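# Inside the fold
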Amino acid sequence: MRPIVITAGHSTADPGAVGGGLTEADICADFRNLVAHYLRAAGVPFTTDGKDGENLPLARAIALVKAAGPGVIAVEFHCNAAASPAATGVESLSSEKGKALGAAMCKAIADTIGIKNRGAKGEASGQHSRLGFVQAGGVILELFFISNPDDRRRYLDRKWLVAKAVAGVLAAAANGA
């Protein structure tokens, strides 16, 4: 079984994007904990960058990925944001090696909450380049647009089901499926 590392984007020092009174850091820490719940229930071993209300800095997440070794499945959860509240969807950012996993997680989320699947992208897409977590071998998963009220509502209404779907993708990948 391949090792899994799941981390929450941003931290208590950097809350990330804000939408509807919610911070990206809080949403991502909560989601990491929900995914951890389902992995634990399935008996799948994993490591996180914190527990409960903890959201540790990026340097800690990168250290966990590197310590887990070359076969690690590493995912950092984030929320997308845009100036236009109409921007919607789920997407992932990774190296070529992580694109299949990113695509599977994007599909799971899009199917669960009915938002656009923006797909698995390279780390150099759009405004992103040279992302530390991706450089360490991980996948960044942008769960939804925090700036889109409909995306936020859909996510919040079904976040347990979203976490279960993502945990299922991770468990299958860890088992070589």
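In this text, all values refer to a predicted model and were calculated from it rather than measured experimentally. (Residues numbered from 1 in each chain as written. Predicted model: local features only at pLDDT ≥ 70, side-chain atom pairs only at ≥ 80, totals over all residues. Heavy atoms only, no water.)

Side-chain positions along a regular strand alternate between the two faces of the sheet. Burial analysis of strand β8 (residues 139–145) places seven of its seven residues in the buried class, which makes it a mostly covered element. Looking at chain direction, strand β6 (residues 90–94) and β8 are connected through three bridges and run antiparallel. Bridge assignment links L93 to a residue of β8, and that residue is I140. (Buried < 20%, exposed > 50% of the residue type's maximum accessible area, 1.4 Å probe, protein only. Helix = DSSP H or I, 4+ residues; strand = E, 2+ residues; numbered from the N terminus. Pairing = 2+ DSSP bridges.)

Summed over all chains, the structure comprises four aromatic pairs. Measuring from centroid to centroid gives 4.8 Å for F31 and F77, while their planes differ by 90 degrees, and the two rings are edge-to-face. A residue pair is termed long-range when its members are at least 10 positions apart, and F31 in helix α1 (residues 24–41) and F77 in strand β5 (residues 73–80) qualify at 46 residues. Assigned by exposure class, F31 and F77 land together as buried. Here the aromatic cluster, defined as three or more aromatic residues joined through ring pairs, consists of F31, F77, F144 and Y155. (Phe/Tyr/Trp six-rings, centres within 6.5 Å; stacked < 30°, edge-to-face > 60°.)

An α-helical turn contains 3.6 residues, so a residue and the one three or four places further along point in the same direction. The end-to-end C-alpha distance of helix α3 (residues 99–113), which contains 15 residues, comes to 21 Å, matching closely the 21 Å that a straight helix rising 1.5 Å per residue would cover. Within the sequence span of α3, burial applies to L101, G102, M105, C106, A108, I109, A110, T112 and I113. Contact partners of the buried residues in α3: β5, β6, β7 (117–122), β8 and α5 (149–174). Backbone geometry just downstream of α3 places G114 in the positive-phi region, at approximately 70 degrees. (Expected span 1.5 Å × (residues − 1). Contact = heavy atoms within 4.5 Å.)

Taken as a whole, this structure holds nine salt bridges when the rule is applied. Ionic pairing is found between E91 and R118, a salt bridge with its closest N-O pair at 3.3 Å. Here R118 lies in strand β7 and E91 lies in strand β6, a separation of 27 residues in the sequence. Residue E91 is classed as buried on the basis of its relative accessible area, which comes to 5%. (Salt bridge = Lys/Arg side-chain N within 4 Å of Asp/Glu carboxyl O.)

For any two helices packed against each other, one specifies the inter-axial angle together with the distance between the axes. Where α1 contacts α5, the axes come no closer than 8 Å and their chain directions differ by 50 degrees. Viewed along their axes, α1 and α5 adopt a mutual orientation that is oblique. Read as a crossing pair, α1 and α5 show a hand that is right-handed. Across the interface between the two elements, I27, D30, F31, L34, V35, H37, Y38 and L39 from α1 touch Y155, K159, W160, V162, A163, K164, V166, A167, L170 and A171 from α5. (Axes fitted to C-alpha atoms, helices over the stretch in contact; angles between N-to-C directions. Parallel < 35°, antiparallel > 145°, perpendicular 65-115°, else oblique. Left-handed = near helix turned anticlockwise from the far one by under 90°.)

Turning next to the nonpolar core. Of all hydrophobic cores here, the largest spans 41 residues; its most connected members are V35, F77, L141 and L170. Sorting the residues of this core by element identifies β1 (4–8), α1, β5, α3, β8 and α5 as the ones contributing at least two each. Looking at which element gives the most residues to this core, the answer is α5, with 10 residues. Setting aside anything within four residues of it in sequence, one finds V35 in contact with I6, F77, A163, V166, A167 and L170. By size, the runner-up hydrophobic cluster in this structure holds 13 residues, among which are L64, V65, A136 and I140. (Core = buried A, V, L, I, M, F, W, Y, C linked by side-chain atoms within 4.5 Å.)

Counting buried positions along β5 yields eight of eight residues, so the element is predominantly enclosed. Across the two faces of β5 the burial is the same, with I73, V75, F77 and C79 and A74, E76, H78 and N80 all buried. Strand direction decides the pairing type here: β1 and β5, joined by five bridges, are parallel. Along β5, the bridge assignment pairs A8 with F77. As judged from the five bridges shared by β5 and β8, these two strands associate in the parallel manner. Bridge pairing links N80 to F145 in β8.

Function-wise, these values are silent; they only describe arrangement.
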